Amino acid sequence: MAREGNRPSQEYLLLDYVQRLDRHRDGRRGVHVHLSRLKPQNRREHHIRIAINTIEEFVSAYEGQIFLLGNNDIIFVTKGATLPQLDEAVMRLKYLFSEDPLTMTDPDGEDGHGRFATLYNIEGQYHRFQELCERVFEEERQRQKRLQKMAEQTGDMVEDARKPLSPQQLAKLEEFLERSDLSSVFRRQAVCAVAQKSPPKPIFNELFISIIDLARTVLPEVNLAANRWLFQHLTQTLDRRVLKMLARADDSSLHSSFSINVNVGTLLAPEFLDFDNSLRMGGRGTLVVELQLIDILSDYQAYVFARDFVREKGYRVCLDGVSADLIPFVDRQRLGVDLIKLNASPVFDAGGDQERREDIAAQVERCGRGRVILARCDNEAMVRTGQQMGISMFQGRYLDGVLQQLSRTRNPPPPKRARGGR
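This write-up is about the structure you can find in this document. (Residues numbered from 1 in each chain as written. Predicted model: local features only at pLDDT ≥ 70, side-chain atom pairs only at ≥ 80, totals over all residues. Heavy atoms only, no water.)

## Considering the sheet that holds strand β6 (residues 117-121)
Spatial ordering of the open sheet is given by β4-β5-β3-β6, a layout of four strands whose pairing is antiparallel. If you trace the sheet from one side to the other, it starts and ends with β4 (65-68) and β6, each paired once. Taking each pair of neighbouring strands and ignoring which way they run, the sheet shows an average axis angle of 15 degrees. Two strands pair when backbone bridges link them, and β4 and strand β5 (residues 74-79) are joined in this way by four bridges, in the antiparallel orientation. Along β5, the bridge assignment pairs Leu 68 with Ile 74. (Pairing = 2+ DSSP bridges. Helix = DSSP H or I, 4+ residues; strand = E, 2+ residues; numbered from the N terminus. Axes fitted to C-alpha atoms, helices over the stretch in contact; angles between N-to-C directions.)

Take a look at the structure:
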């Protein structure tokens, strides 16, 4: 299990370490710090680095080791540290994230740290701790397999060695976008209703520019998304360019049901008004604008104004890119969004943790079953898991494949004419 070159993953090293502890359990205690449950803005790279630095000296003093998992959770093991000393170490970590809802919940469980951390007495709970390590190892192994599969499909490496986008390259790229034909990187992907085991029924198409294909075409040596703020600026340029292209397009699909993924600022730009005016008022189906939470929160007042503006024009608003970890913190009604696009993850796949699924199902129920779209569905198991949670709308490569197969079945190619002899 390599994460960088041939270097073993932290999950592999943790499992190997715990297996070797089998005969050396005396005085050992383990702590699982669930940083993956923090809000995304509270678990960026510098937050995780500071958290590890906070406990590093303590763990070393008690002959321990720290393991940073792929999902940003931390697991550390000590020898000889007392329970009060471990409690104090966890409280120091909690203090770092004191503004996150995860640390504000009432303590529950026997260790008193709620959902923030779980403590293990390895001497008496070795097999339980070993099961934890085996589970996180398997989850990481499955994650790497999916990344590898994506890499093979897109031609990208799992570990991206490309350079970040620079301001100078951004300026050149924007010039290129203004004068180029983007039809070659323009994509559509259906959002489908799936009832029980019935075939998927498309209800609208998402229209978007493939960033991967754009990068490969224009700047193959550059990672366009590495610099978040430059990438955000780039997406605004792309929004305007796409709206201009759609406004001029003679495309009957634009007069049915579709969604576009845009920035809040784009909804207030002249290009959006031109695009909106280009649509046939009488022939509109479902029109959806998809927005990212980080964009909404960066200027909430602008979002509220833009949301009310597009709703008045008949658009529905969808909160895009919501992870299973983030959905507990999303208040759909307070944000005033009509739909939430929840990204499928390993827990939705075959063999996913049932308890975790039940937690997500409760959040889906809170948001409204008919308001949630399960996106990035790579296989049938993810769709079936979503259906068990009450979700009925799905999107992803698996649905693309099924729709293509249905299309071939309904519209078979004409039979080849046999060559007659003389």
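We are not done yet, so read on.
## Section: the pattern of salt bridges
Considering all chains together, one arrives at 13 salt bridges under this definition. A salt bridge links Arg 141 to Glu 138; the shortest N-O distance between them is 2.8 Å. Taken together, the residues Arg 141 and Glu 138, both in helix α5 (residues 122-154) and three residues apart, mark about one turn of the helix. Across the pair Lys 341 and Glu 290 runs a salt bridge whose closest N-O atoms are separated by 2.9 Å. Here Lys 341 is found in strand β14 (residues 339-343), whereas its partner Glu 290 is found in strand β12 (residues 287-292), with 51 residues between them in sequence. This pair shows no difference in class: Lys 341 is buried, exactly as Glu 290 is. Via salt bridges that share partners, Glu 206, Glu 290 and Lys 341 belong to a single interconnected network. (Salt bridge = Lys/Arg side-chain N within 4 Å of Asp/Glu carboxyl O. Buried < 20%, exposed > 50% of the residue type's maximum accessible area, 1.4 Å probe, protein only.)

## Examining the sheet that holds strand β16 (residues 393-394)
Spatial ordering of the closed barrel is given by β8-β9-β11-β12-β13-β14-β15-β16, a layout of eight strands whose pairing is mixed. Taken together, the four bridges between β14 and strand β15 (residues 372-375) define a ladder with parallel strand orientation. Following the sheet pairing, Lys 341 is matched in β15 by Ile 373.

The analysis is restricted to geometry; functional conclusions fall outside its scope.
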